[in-house]
Amino acid sequence: MDEDTELSLTIAQIIQRLKGSHLHSQLERHAKECLHQPEIKLESLKEDVRSFLKTAGWERKLQNAVYRELHVQVPLSHPAAPPEHLKEPLAYMRTAQASWEKRVLKSLNSMSTELGVPLARKRPAEVQMELTHKWNEMGTDEPDLSRFRPVYAPKDFLEVLIGLRNPNHDSREDVSARSHWGLIQVPLNVQDIPQLRQTYSELNLSTGQLGIDDHAHIHPDLFESEYFQIGKKVIVEQDSAAAQQYSRQGCPTGLRADLWALILNSTNQPQDVMHYEQLKAGVIHHDLLVDNLIYKDVKLTASNDDYYFVFEDFLYQVLLCFSRDTAVLEHFKYNSATPPKSYIQGKTGNEECAVVYPPNGVIPFHGFSMYVAPLCFLYNEPSKLYSVFREMYIRHFFRLHSISSSPSGIVSLCLQFEQLLQTHLPQLFYHLRQIGAQPLRIAFKWMVRAFSGYLSTDQLLLLWDRILGYDSLEVIAVLAAAVFAFRAENLMEVTSLASAEAVLADLSTLKVMPLIQIFLFATAI
Amino acid sequence: MVFVPMSKYKTSGYKGSTDSGKSEEQEGIRCVRYRCGQLSTIKDVLRQRPGWVEVRDDGEWDFNWCDVSWLRENFDHLYMEEHVRINHFRNHYELTRKNLMVKNLKRYRKNLERDIGRMEASRWDFFPCTFALPSEYHLFVEEFKRSPGSTWIMKPAAKSQGKGIFLFRKLKDIIDWKKDGTRSEEQKDAAQVESYVAQRYIENPYLINGRKFDLRVYVLVTSYAPLKAWLYRDGFARFSSSRFSLSSIHDKYMHLTNVAVQKTAPDYDPVKGCKWQIQQLRRYLTAKHGREMVETLFKEMDNICVCSLQSVQKVIINDKHCFELYGYDILLDQNLKPWLIEVNASPSHTPSSQEDYEMKYRLLEDTLNVVDMEGRLTGKEKRVGGYDLMWNDGPVYREDVNLETFGSSCFTANTHLGCVNDRDKQLRRLLKPFPGQKRM
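Residues numbered from 1 in each chain as written. Chains lettered and ligands numbered in written order. Predicted model: local features only at pLDDT ≥ 70, side-chain atom pairs only at ≥ 80, totals over all residues. Heavy atoms only, no water.

An unreviewed UniProt entry lists chain B under the name Tubulin--tyrosine ligase-like protein 9, with Monopterus albus given as the organism. Within the UniProt record for chain B, the comment given under Sequence similarities (unreviewed entry) is "Belongs to the tubulin--tyrosine ligase family." (UniProt positions renumbered as here; feature names shortened; annotations may be inferred.)

An unreviewed UniProt entry lists chain A under the name Rab-GAP TBC domain-containing protein, with Monopterus albus given as the organism.

Okay, here's the thing in structure tokens:
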């Protein structure tokens, strides 16, 4: 397909998606209303209406909406390609993802049978009343969760990834010093430092960064004050694309909430609030089995974290609604995963009685709540917090727990991490391998959670600034490698996996931007 | 994070005081003999300071870290040589007993209003309406009747750790309480000795996800005449373990945020911890409200510290041997206005977690650095470790005030509460050995 056809197809797709959206009806309404304005002349109707909409800020809103669509559009492909190829082009990845999903669903179903808890049931009226009153303090509930186990933990998922093989690629040929020492044995294309330097050029040593150049002993006039003013201008302009570009050098603490909302085009309009209220009503009416998994996860992870325990109630309010949000199903068009289906009792196999379960198609795993926890630092209002989280999930986080060939997918990130380590710290990698401490076994849990819960919050937010700014999760793999590089000296002394884990157990004092910058731009190649 | 009994805490990253090599080099510096009456973190800090030796009971000491009861019994019989230091002022209770603090603040404010005017006096609007009982009972009743439906809190004037505190809305509650035979002995005792205060309860505290918290801020005073005070960069926010709600004013656990009270609450989980470092809180507030609002808030907190000290400056008996580390308890309301709840002369140094231990260790180590028994400071420093000089017989500014900058109007205060505490680097630079080190 040539470029022009691609472009017109993309435009057509986006128009299709925006048609009938709330923005569309608002534009139409305002265009109609402006006809009463004296400056609109019949001879130059089109131009006048256009410039009116522009000055009123609607062109900018439309721009932001189009920009948002570009982020979540299904990749273009050959007209004859089946939809599953759009989700994931490589057949062996699709198969692996499908069998992983079967396992997970089986585990969920057997839990349901074992415990005698149905996947979904309606709440009795008194329980509904009680829940409505307790909505803002669900954390005070102490339900008996001892019988529930998380459906899977990141290490189970890692075993699946380790077993991935491309049937068309005979890796036995490569037994040499050039062979891959790590656990991931699939030949995906990942960027090495020279290419990363190009892609992440704004992180180079001579460009100002938040997380480095806002340090206490550097005078704010050298970078910080001016950068802050630019950030304020970006917010006033309400330009998504500018906000995304700005975020590459970090977001000031006081502006971050607005900047992220702008990048994600989360405008928190009345219809968004209404949507959230509907989800909340859904939570009150029905009890889902996965709700217990969510409770358990929050109690095990976020509630035990010094910095996030305060937000326990918010986490329930967001995650319980998230499970019921069918709008999330949209993202499965470009996600290699497929939402699990459940059948009404007794009618297994009958497609007419199939229902997606949970309604949003995402089964939470151990640590899932940590995707939401850091956002609680930025947003107070549950509906705003919810819409920012949902957008972040369908743009980025879903890739961390589905098997795909995407450069931001967890498989590529793991491979990239291992290759960066092998190429630039071969002695360390070799040593760790010898003592039975494969680096990925330690770094995997960091990457699956995008480092949430491992770094201190301010550092984590600086990292997520770059994820949003570059619209890619690659920085996670780079950071993981940089952490190993930083602690290399200590790691060379250890003699077991347990001691290697101990050296890397506490990341809370790390400063992420200097680590990333030095690794990318000061490593000799 | 593992909660470990205090004796097993390690101060990882701390290699003791920064001048570890110096004591050997310098001939003739006497070692510092110290007496320590407390069992918490301070004992570790003193023990690990090079050249400091503990003396027991009757031995002569150069430095004394005592508790207030020892001070009360012994201060008047002490003869201290010039170099000797002790960690309390004789009548510190003018600031730290709730009824006296309020009396001093009110008096100072009234004088200020009379002499200068309302504007200046309005800087003193940081303490909630308070009355000492029973001496001001009639004044209290007048105010109580003027604001029906408001909630008040009754506190023993001299107790700490949340003992004896309760909330009430009706006068009947106090009368009942006075008559109540089931009150503990110590409560009856206290009432007879006339040391309770009734204070307007702040009904709209700033909540983080439904939880109330208060702030602990540390101020070190090395002299009252002239007034010299240092503000520590670290501090913490203490959270209540249950969600805030005015409807259950009898739930002691929810309204009081002292860690001592929280520890007895049914759902207290020590692993969970109920504290945030003040840097964390500052970042959270900045993310929610923007930089300007938070800077204003912190300026107002500086103001609370300085004004409260000014109000007792003429009352406290100055003594060059004395210094004092105060723990300020501050509560924020929903409008991000800080309120002074009380000042503690003996803030608890018992740590609740490893992180807390490290913070208190730093605090105490820097306190000893400022007191400077070793004579390493010139006296002109604006910063020592995590302490910033906040008041030195006048406001202290970050910028150097000289002929060039004199006309400029944009001076910033030399305080950094809630900011980065890179004390190790600063101490290394500050405490470089220099020739002719003066003896103690």
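There is more to say after this.
Time to look at the overall build of chain A. The number of helices and strands found in chain A is 24 helices and four strands. Since a compact globule built from 525 residues should have a radius of gyration of about 24 Å, the 24 Å found for chain A is in line with a globular shape. Looking at chain A as a whole, 54% of its 525 residues are labelled buried. Long-range contacts, defined as pairs at least 24 residues apart, comprise 77% of the intrachain contacts of chain A with a sequence gap of at least 6. Carbon and sulfur atoms make up 54% of the accessible area of chain A, which totals about 24000 Å². (Helix = DSSP H or I, 4+ residues; strand = E, 2+ residues; numbered from the N terminus. Rg over C-alpha atoms; globule rule 2.2 N^0.38 Å. Buried < 20%, exposed > 50% of the residue type's maximum accessible area, 1.4 Å probe, protein only. Contact = heavy atoms within 4.5 Å. Areas by Shrake-Rupley, 256 points an atom, 1.4 Å probe, with all protein chains shown as cover.)

With that out of the way, let us pick up the overall build of chain B. A tally of regular secondary structure across chain B gives 15 helices and 16 strands. When burial is assessed residue by residue, chain B has 56% of its 440 residues classed as buried. Contacts in chain B between residues at least 24 apart in sequence constitute 68% of all its contacts with a sequence separation of at least 6. With an accessible surface of roughly 20400 Å², chain B has 52% of that area assigned to carbon and sulfur atoms.

Of the residues lining the interface, 24 residues belong to chain B; the matching set on chain A comes to 28 residues. Both sides together, the interface formed by chain B and chain A hides about 2400 Å², and carbon and sulfur atoms give 50% of it. Between A:Lys232 and B:Glu292 there is a salt bridge whose closest N-O contact spans 4.0 Å. Linking chain B with chain A are five residue pairs in polar contact (both at pLDDT 80 or more), by the criterion used here. Of all the elements in the fold, those that place two or more residues in the side of chain B that touches chain A are β11 (227–243), β12 (275–277), α12 (278–289) and α13 (291–312) of chain B. Looking at the side of chain B that touches chain A element by element, the count peaks at six residues for α12(B). The residue makeup of the side of chain B that touches chain A, split by class, is eight nonpolar, six polar and 10 charged. (Buried area = accessible area lost by both parts, 1.4 Å probe. Salt bridge = Lys/Arg side-chain N within 4 Å of Asp/Glu carboxyl O. Polar contact = N/O pair within 3.5 Å; in protein donor to acceptor, adjacent residues only side chain to side chain. Nonpolar A, V, L, I, M, F, W, Y, C, P; charged D, E, K, R; others polar.)

This paragraph deals with the pattern of salt bridges. Should their charged atoms come close, side chains of opposite charge can pair. All names here are of chain A. One pass over the full model with this rule turns up 47 salt bridges over all chains. Among the ionic pairs, Glu 237 bridges to Arg 60, the shortest N-O distance being 3.3 Å. Taken together, the residues span a long stretch of sequence, with Glu 237 in helix α10 (residues 224–237) and Arg 60 in helix α4 (residues 58–72) at a distance of 177 residues. Overall, the relative accessible area of 47% leaves Glu 237 in the partly exposed class. A salt bridge links Arg 248 to Glu 202, with the shortest nitrogen-to-oxygen separation between them at 3.1 Å. Taken together, the residues span a long stretch of sequence, with Arg 248 in the loop between α11 (240–247) and α12 (256–263) and Glu 202 in the loop between α9 (193–199) and α10 at a distance of 46 residues. Residue Arg 248 shares its accessibility class with Glu 202, and that shared class is buried. Connected through shared salt-bridge partners, Arg 17, Arg 68, Glu 69, Glu 330, Lys 333, Glu 391 and Arg 395 make up one network.

On to the sheet that holds strand β1 (residues 32–36) of chain B, then. Whenever strands of a sheet pair, they do so through backbone hydrogen bonds, lying parallel or antiparallel. All names here are of chain B. If you trace the four strands from one edge of the open sheet to the other, you get β2-β1-β3-β4, paired in parallel fashion. Only two strands of the sheet have a single neighbouring strand rather than two, namely β2 (52–54) and β4 (85–86). As defined by bridge partners, strand β3 (residues 63–65) adjoins β4 across two bridges and the pair is classed as parallel. Within the sheet, the bridge partner assigned to Phe 63 lies in β4 and is Arg 85. (Pairing = 2+ DSSP bridges.)

Attention shifts here to unusual backbone geometry. Across residues other than glycine, the phi torsion is negative in most instances, and most of the peptide bonds are trans. Put simply, A:Tyr357 and A:Pro358 share a cis peptide bond, and its omega is -10°. Mapped onto the elements, A:Pro358 comes out in the loop between β4 (354–356) and α16 (382–395). Residues B:Ala225 and B:Pro226 are joined by a peptide bond in cis, for which omega reads 0°. Along the polypeptide, B:Pro226 turns up in the loop between β10 (211–224) and β11. The phi dihedral of A:Phe451 falls on the positive side, at around 70°, and the residue is not glycine. With respect to the element layout, A:Phe451 can be found in the loop between α19 (439–448) and α20 (457–470). Even without a glycine there, the phi angle at A:Asp471 is positive, about 50°. Here A:Asp471 shows up in the loop between α20 and α21 (474–486). Overall, A:Asp471 belongs to the partly exposed group, its relative accessible area being 32%.

All names here are of chain A. Of note, Glu 69 is situated in helix α4. Given the relative accessible area of 6%, Glu 69 is considered buried. When the C-alpha positions of Glu 69 and Thr 326 are compared, they lie 18 Å apart, and in sequence the two are 257 residues distant. Once residues within four sequence positions are removed from consideration, Glu 69 is found in contact with Ile 14, Arg 17 and Leu 18.

Moving on: the sheet that holds strand β5 (residues 130–133) of chain B. Residues and elements named next belong to chain B. One open sheet holds the four strands; their spatial order is β5-β8-β6-β7, and the pairing between them is antiparallel. Lying at the two open borders of the sheet, with one neighbouring strand each, are β5 and β7 (166–168). Geometrically, the sheet is characterised by an average inter-axis angle of 25° between neighbouring strands, direction not taken into account. In this structure, strand β6 (residues 152–156) lies alongside strand β8 (residues 196–200), joined through five bridges in antiparallel fashion. The residue of β8 that forms the bridge with Pro 156 is Tyr 196. Docked against the sheet, helix α5 (residues 98–115) engages β5, β6 and β8, running at close to 130° with respect to β5. Against the sheet, helix α7 (residues 137–146) touches β5, β6, β7 and β8, its axis set at about 140° to β5. (Axes fitted to C-alpha atoms, helices over the stretch in contact; angles between N-to-C directions.)

Residues and elements named next belong to chain B. The alternating pattern of β5 places Thr 130 and Ala 132 and Phe 131 and Leu 133 on opposite faces, both of which are buried. By the bridge criterion, four bridges tie β5 to β8 in an arrangement that is antiparallel. Across the sheet, residue Phe 131 finds its bridge partner in β8, namely Ala 198.

All names here are of chain A. Considered as a void within the structure, the second largest pocket measures approximately 1400 Å³ in volume. Lining the second largest pocket are 45 residues; nearest its centre among them are Arg 68, Glu 69, Asn 265, Asp 272 and Arg 390. Mapped by element, the contributors of at least two residues to the lining of the second largest pocket are α1 (3–18), α2 (22–34), α4, α12, α13 (270–285) and α16. Per-element accounting of the lining of the second largest pocket gives the leading share, eight residues, to α4. For the lining of the second largest pocket, the class distribution of residues is 14 nonpolar, 19 polar and 12 charged. (1 Å grid on protein atoms, 1.4 Å probe; cavity = no way out; pocket = protein on both sides within 12 Å on 5 of 7 lines; lining within 4 Å. Points joined across faces, edges and corners; volume = space filled by probe spheres on them.)

Glancing now at the packing of helix α15 (residues 312–323) of chain A against α16(A). Helix packing for two helices is described by the angle between their axes and how far apart those axes are. Residue and element names in this part refer to chain A. Across the interface, α15 lies against α16 with an axial gap of 10 Å and an inter-helix angle of 55°. Put simply, α15 runs oblique to α16. Here the hand of the crossing between α15 and α16 comes out right-handed. Only Pro 382, Leu 385, Tyr 386, Phe 389, Arg 390 and Tyr 393 of α16 make contact with α15, whose side of the interface consists of Phe 314, Gln 317, Val 318, Leu 319, Cys 321 and Phe 322. Tallied by class, residues from the contact of α15 with α16 come to 10 nonpolar, one polar and one charged. (Parallel < 35°, antiparallel > 145°, perpendicular 65-115°, else oblique. Left-handed = near helix turned anticlockwise from the far one by under 90°.)

What follows is about the packing of aromatic side chains. For any pair of aromatic rings, geometry is given as the distance between the ring centres together with the angle between the planes. Evaluation of the coordinates by the stated rule reveals 55 aromatic pairs over all chains. With a centroid separation of 4.5 Å and an interplanar angle of 55°, the aromatic rings of A:Tyr200 and A:Tyr470 are classed as tilted. Here A:Tyr200 is found in the loop between α9 and α10, whereas its partner A:Tyr470 is found in helix α20, with 270 residues between them in sequence. A residue is classified by how much of its surface remains accessible, and A:Tyr200, at 2% relative accessible area, is buried. A residue is classified by how much of its surface remains accessible, and A:Tyr470, at 9% relative accessible area, is buried. On the basis of an interplanar angle of 20° and a centroid distance of 6.3 Å, the ring pair of B:Phe144 and B:Phe168 is categorised as stacked. Residue B:Phe144 is found in helix α7, and its partner B:Phe168 is found in strand β7; the two are separated by 24 residues along the sequence. The exposure classification of B:Phe144 matches that of B:Phe168, with both residues buried. Aromatic ring contacts, followed pair by pair, group A:Trp100, A:Tyr152, A:Phe157, A:Phe322, A:Phe365, A:Phe368, A:Tyr371, A:Phe389, A:Tyr393, A:Phe397, A:Phe444 and A:Trp464 into a single cluster. Of note, A:Lys61 hangs over the ring of A:Trp58, and the distance from its end group to the ring centre comes to 4.4 Å. (Phe/Tyr/Trp six-rings, centres within 6.5 Å; stacked < 30°, edge-to-face > 60°. Lys NZ or Arg CZ within 6 Å of the ring centre and 35° of its normal.)

On to the side chain of B:Arg90. Following the sequence through the fold, B:Arg90 ends up in the loop between β4 and α4 (93–96). There is a polar contact of 2.9 Å between the side chain of B:Arg90 and the side chain of B:Asp76.

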